[in-house]
Amino acid sequence: MTEPMDAEALEARLREIGEARYHHRHPFQLALQGGELDRCQVRAWALNRYYYQAMIPIKDATLMARLDDPDWRREWRSRLVDHDGDAPGEGGIERWLKLTDGLGLEREMVRSTRVILPTTRFAVEAYTHFVRDRTLLEAVASSLTELFSPKVIGTRVSGMLKHYDFVSEETLDYFRPRLTQAPHDAERALTYVREHARRADQQQAVLEALVFKCDVLWTMLDALQHAYVEGHRPPGAWDGKAGLVAGATP
């Protein structure tokens with residue numbers, strides 16, 4: 001890119017990246033919402049995704065500390081409350097643990113993250129390090145996958161409720177607030193990017209940041225597909241049997 005785009009053209013390019021590269025097209029995601037996975041595979045997804053959910057407020061706290069504008073810090077602070085809550089037992093992380101509880105996974109095992117896939121850990125840590133080490137503009141832009149998440153959330157929830165008798169609306173309660181939180185967060189981040197990405201090099205960096213984040217999410221599903229669908233589970237990863245609560249159906 002040698003010449004800068006106007007803000008509308010930049011936004012259009014970002015949305016094109018999301019349509020082409022967001023994980024709504026991944027085979028594992030399609031199988032999850034289409035009822036093609038067994039209980040073990042759904043559990044593996046929830047178990048591994050927990051690490052991503054748990055690291056999001058840490059990522060956001062790192063980003064917020066870099067914002068020198070108090071208005072933007074106040075804006076970003078709501079993301080921490082969304083995930084951590086205002087008190088114990090509240091917030092998105094707690095709702096995700098209720099999801100893993102409902103799937104019959106021991107909470108201590110889930111929270112320990114000791115049996116997640118190595119690729120899950122590498123991908124999530126690559127994202128947190130990206131937000132810590134790259135420019136603030138790139139860090140903000142990497143969150144723009146939230147522009148595309150509501151459509152996936154709605155399809156995922158409706159598909160899982162239709163096809164899996166071992167989930168319920170209560171089990172999937174994590175996703176309900178995200179239908180309003182994610183669009184709000186995405187629009188604010190998009191506003192920041194539109195205001196601050198003026199030069200051609202800044203705009204190129206913004207586009208590449210979104211590609212990187214899409215790659216993180218895609219890679220996490222690649223790992224699940226390889227380990228729990230194709231049967232190439234790495235040593236030390238959850239075996240589908242250990243860590244189930246008493247009485248849980250295998």
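About the cut-offs
Residues numbered from 1 in each chain as written. Predicted model: local features only at pLDDT ≥ 70, side-chain atom pairs only at ≥ 80, totals over all residues. Heavy atoms only, no water. UniProt positions renumbered as here; feature names shortened; annotations may be inferred. Helix = DSSP H or I, 4+ residues; strand = E, 2+ residues; numbered from the N terminus. Rg over C-alpha atoms; globule rule 2.2 N^0.38 Å. Buried < 20%, exposed > 50% of the residue type's maximum accessible area, 1.4 Å probe, protein only. Contact = heavy atoms within 4.5 Å. Areas by Shrake-Rupley, 256 points an atom, 1.4 Å probe, with all protein chains shown as cover. Lys, Arg positive; Asp, Glu negative; His and termini not counted. Charge placed at Lys NZ, Arg CZ, Asp CG, Glu CD. Phe/Tyr/Trp six-rings, centres within 6.5 Å; stacked < 30°, edge-to-face > 60°. Axes fitted to C-alpha atoms, helices over the stretch in contact; angles between N-to-C directions. Parallel < 35°, antiparallel > 145°, perpendicular 65-115°, else oblique. Nonpolar A, V, L, I, M, F, W, Y, C, P; charged D, E, K, R; others polar. Salt bridge = Lys/Arg side-chain N within 4 Å of Asp/Glu carboxyl O.

With an unreviewed UniProt entry as reference, the chain is termed Pyrroloquinoline-quinone synthase, source organism Kushneria konosiri. Listed under Sequence similarities (unreviewed entry) in UniProt, the entry text for the chain is "Belongs to the PqqC family." Taken from UniProt, the Catalytic activity (unreviewed entry) comment for the chain reads in full: "6-(2-amino-2-carboxyethyl)-7,8-dioxo-1,2,3,4,7,8-hexahydroquinoline-2,4-dicarboxylate + 3 O2 = pyrroloquinoline quinone + 2 H2O2 + 2 H2O + H(+)".

Helix and strand counts for the chain come out as eleven helices and zero strands. Compactness check: the chain gives a C-alpha radius of gyration of 18 Å against a globular reference of 18 Å for 250 residues, within 12% of the reference. The principal-axis extents of the C-alpha atoms in the chain amount to approximately 60 × 40 × 35 Å. Across the 250 residues in the chain, those meeting the buried criterion constitute 53%. Considering only residue pairs separated by 6 or more positions, the chain has 79% of its internal contacts joining residues 24 or more positions apart. Just so you have it, the chain exposes about 11,500 Å², and 50% of that area is on carbon and sulfur atoms. Here the chain contributes 33 positive and 38 negative side-chain charges, whose respective centroids are spaced 2 Å apart.

Let us look at the packing of aromatic side chains. What characterises a pair of aromatic rings is the spacing of the ring centres plus the angle enclosed by the ring planes. Per the counting criterion, the structure on display carries eleven aromatic pairs. Arranged with centres 5.7 Å apart and planes meeting at 50°, the rings of Y22 and F148 form a pair that is tilted. Separated by 126 residues along the polypeptide, Y22 in the loop between α1 (7-21) and α2 (27-33) and F148 in the loop between α8 (136-141) and α9 (149-163) bring together distant segments of the chain. By the burial criterion, Y22 is buried, and F148 matches it. Seen in terms of ring centroids, Y52 and Y127 are 6.5 Å apart; in terms of plane orientation they differ by 15°. Their pairing is stacked.

The next thing to look at is the packing of helix α4 (residues 70-84) against helix α5 (residues 92-102). Following both chains from N to C, one finds α4 and α5 inclined at 30°, their axes separated by 4 Å at the closest point. The orientation of α4 with respect to α5, classified from their angle, is roughly parallel. For the pair formed by α4 and α5, the contact residues are D82, H83 and D84 on the first element and G92, I93 and R95 on the second. Residue composition of the contact of α4 with α5, by class: one nonpolar, two polar and three charged.

This brings us to the UniProt feature "domain: Thiaminase-2/PQQC" (unreviewed entry) in the chain. Residues annotated by UniProt as "domain: Thiaminase-2/PQQC" (unreviewed entry) correspond here to residues 12-222. The span residues 12-222 is 74% helical and 0% strand by assignment, and the distance between its end C-alpha atoms comes to 27 Å.

A separate point is the pattern of salt bridges. A side chain of one charge can pair with a side chain of the opposite charge if their charged atoms are brought near each other. Counting across every chain of the model gives 19 salt bridges. The salt bridge partner of E11 is R194, with a shortest N-O separation of 2.6 Å. Of the two residues, E11 sits in helix α1 while R194 sits in helix α10 (residues 175-196), which places them 183 residues apart along the sequence. Relative accessible area serves as the criterion here: at 18%, E11 is assigned to the buried category.

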